[in-house]
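If you want the building blocks of each chain, they are given just below.
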Amino acid sequence: MAKINKTNAARLLDRAGISYDLVPYEVDENDLAATHVAAQLGEDIRQVFKTLVLRGDRHGVFVCVIPGDGEVDLKKAARVSGNKSAEMLHMKELLPTTGYIRGGCSPIGMKKMFPTFLHESAMTFDHIYVSAGIRGLQLKLAPSVLQSMCKATLCDLL
């Protein structure tokens, strides 16, 4: 088996002494959707979470981590983050803001610790998947680990 290079997110988990698995998958540049990732992993789409970066009108950048088949409700996201309105961060701002690219954005290890909101359904699973910080690699970990690493607030974002 090919050696998997550790990502920044994986190194942070190692440093914190937290157990996780790095799970590679085949990247399709034309289909970066979480549904593709779930199909590649042979996992339930509700356990494969996507990381969305938004900008609120009052408090700036924040992060929402939601099930792969879900659509973030911008009104709910704005409300839980203390904003009046929110919108998705523009694609060209993603890398300079977070250090990550689309399809490889991990909620762990961004350039700054942004307020993070985790969809409450995560806690119904013993493990979930989130991006490890590059396309083609997922972190498999307990949702409570993700919550504590990101200091995430549990809420309904859909």
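Notes on the structure follow. (Residues numbered from 1 in each chain as written. Predicted model: local features only at pLDDT ≥ 70, side-chain atom pairs only at ≥ 80, totals over all residues. Heavy atoms only, no water.)

1. Things to note about the sheet that holds strand β8 (residues 153–155)
Phase 1: Taken in spatial order, the 5 strands line up as β4-β2-β3-β5-β8 in an open sheet, and their pairing is mixed. Both edges of this open sheet fall to β4 (86–88) and β8, since each of them pairs with a single strand only. Pairs of neighbouring strands in the sheet enclose a mean axial angle of 35 degrees, with direction left out of account.
Phase 2: Helix α5 (residues 143–150) rests against β3 (60–67), β5 (116–119) and β8 of the sheet, and its axis sits at about 165 degrees to β5. (Pairing = 2+ DSSP bridges. Helix = DSSP H or I, 4+ residues; strand = E, 2+ residues; numbered from the N terminus. Axes fitted to C-alpha atoms, helices over the stretch in contact; angles between N-to-C directions. Contact = heavy atoms within 4.5 Å.)

2. Thoughts on the environment of Pro 143
Phase 1: Note on placement: Pro 143 falls in helix α5.
Phase 2: By relative accessible area, which is 4% here, Pro 143 ends up buried.
Phase 3: The sequence separation of Pro 143 and Phe 114 amounts to 29 residues, and the corresponding C-alpha distance is 18 Å.
Phase 4: Once you skip the residues sitting within four places of it in the chain, Pro 143 turns out to touch Leu 118, Ala 122, Met 123, Phe 125, Asp 126, His 127 and Ile 128. (Buried < 20%, exposed > 50% of the residue type's maximum accessible area, 1.4 Å probe, protein only.)

3. A few points about the nonpolar core
Phase 1: Residues Ile 108, Val 130, Leu 139, Leu 141 and Leu 146 are the most contacted members of the largest nonpolar core, which totals 31 residues.
Phase 2: Listing elements by their share of this core, those giving two or more residues are α1 (8–15), β2 (49–56), β3, β6 (128–131), β7 (137–141) and α5.
Phase 3: Of all hydrophobic cores here, the second largest spans 12 residues; its members include Leu 52, Phe 62, Cys 155 and Leu 157. (Core = buried A, V, L, I, M, F, W, Y, C linked by side-chain atoms within 4.5 Å.)

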